[in-house]
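The residues making up each chain are set out below.
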Amino acid sequence: MVLGVEAVSVVLNVAAGVCLLFFWYGYAFLLPFEKLGDGIWHLAADQRWTPINLVGVTGTVFASTGLIAVSWTTDLNTGSLIGVLLAVVGLNLLGGNLAWESLIWPVLASEQRELLRFEGPLYRNGTLVAYFAVAGVLFAGGYVTLAVSLGDITPTWIAVGLGTGATLFALGPLLGRLQVVIRSIGITSLAVSQAALALV
C-alpha cells in the first residue's frame, strides 16, 4: 500500500512529537543531573547519553520533514512558508548540535573532560556560542512566524502551542536550574501541537 502525501505528513509529524518527547524526558529525567556540577561531562559519560540524544536527532529530522510535508499538503500563506523555512533551518542546526554531542561528547568526557566544563574552552568559545544562538533564534523564530501566520488555517491552540513551545524550549538554557521545568513545558507543547498540526 502506498501512502498519500497527507498520510505521510501525519506519520512524520506524529513521529516527530513522539521522538522529541522521548528525547527530552529521557534527557531530563534519566541522566544524572544531580552530578551536573561545573560541567556537562558527568552527563556525557553516562551510557544513556548517546541513545537519548540520537532520539533527539531523529526527532528533528521528522519535525523538519514533517513541516515540509505540511507545507505541501496545506494552502499556507507567504508568512507561514517563511516560518516553515526558518524552523526547518533551525531544526537542522539543532539536530547537528545533538549529533555531534551524541558522538563526540562521550569521548571528551572520557579523555578530555575539562573541555566540557561550563567555564572551559568549548562553552566559552565565541563561534560555538554564536552557533547555539543562531540555531535557537531560527528555531524559535521560525515556529513563532509560522504560528502567527497560520491565522484561520488551524485552531488557535495549535498555533499558540507551536510558538510558545518552541520559544520556551529555546530560551530554557538561559534560565539556569529552572530550565528543566521550562523546557519540559516547551517541548511538550511543541510536540503535541506539531503532531496535531498534521491532523487538522
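Scroll up to find the structure this text is about.
Residues numbered from 1 in each chain as written. Predicted model: local features only at pLDDT ≥ 70, side-chain atom pairs only at ≥ 80, totals over all residues. Heavy atoms only, no water.

Novice: Just checking my understanding: could you explain helix 4 (residues 78–111) for this structure?
Specialist: One full turn of an α-helix is made of 3.6 residues, so residues set three or four places apart face in the same direction. Helix length check: helix 4, at 34 residues, gives a terminal C-alpha distance of 49 Å against a target of 50 Å (1.5 Å per residue), a fit within 8%. The largest bend in helix 4 amounts to roughly 40° and is located at Ile-104, with the proline Pro-106 lying one to four residues further along. For helix 4, the side-chain oxygen to backbone nitrogen distance between the N-cap and Gly-79 is 3.3 Å, and the N-cap itself is Asn-77. (Helix = DSSP H or I, 4+ residues; strand = E, 2+ residues; numbered from the N terminus. Expected span 1.5 Å × (residues − 1). Bend = angle between axes of the 7 residues up to and from the residue. Polar contact = N/O pair within 3.5 Å; in protein donor to acceptor, adjacent residues only side chain to side chain.)

Novice: What is the right way to look at the packing of aromatic side chains in this model?
Specialist: What characterises a pair of aromatic rings is the spacing of the ring centres plus the angle enclosed by the ring planes. By the definition in use, this model includes twelve aromatic pairs. Taken together, a centroid distance of 6.3 Å and an interplanar angle of 80° make the contact between Tyr-131 and Phe-132 edge-to-face. Following the ring pairs from residue to residue traces out a cluster consisting of Phe-23, Trp-24, Tyr-27, Phe-33, Trp-49, Phe-139, Tyr-143 and Phe-169. The residue whose ring lies beneath Arg-113 is Trp-41, and the NZ or CZ to ring-centre distance is 3.8 Å. Over the ring of Phe-169 we find Arg-183, and its NZ or CZ is 3.9 Å from the ring centre. (Phe/Tyr/Trp six-rings, centres within 6.5 Å; stacked < 30°, edge-to-face > 60°. Lys NZ or Arg CZ within 6 Å of the ring centre and 35° of its normal.)

Novice: Hey, could you run me through the pattern of salt bridges in this one?
Specialist: Side-chain pairs of opposite charge can arise where the charged atoms are in close proximity. For the structure on display, the rule yields three salt bridges. Between Asp-46 and Arg-48 there is a salt bridge, with the nearest N and O atoms lying 2.9 Å from each other. For Asp-46, a relative accessible area of 16% puts it in the buried group. The exposure class of Arg-48 is partly exposed, given its relative accessible area of 36%. One salt bridge connects Arg-124 with Glu-119, and the closest N-O pair in it is separated by 2.6 Å. Each member of the pair, Arg-124 as well as Glu-119, is classed as exposed. (Salt bridge = Lys/Arg side-chain N within 4 Å of Asp/Glu carboxyl O. Buried < 20%, exposed > 50% of the residue type's maximum accessible area, 1.4 Å probe, protein only.)

Novice: Whenever I open this one, the environment of Gly-151 confuses me. Can you help?
Specialist: Of note, Gly-151 is situated in the loop between helix 5 (126–150) and helix 6 (156–171). Classification of Gly-151 as partly exposed rests on a relative accessible area of 48%. As for Gly-151 and Asn-77, which are separated by 74 residues in sequence, their C-alpha atoms are 9.4 Å apart.

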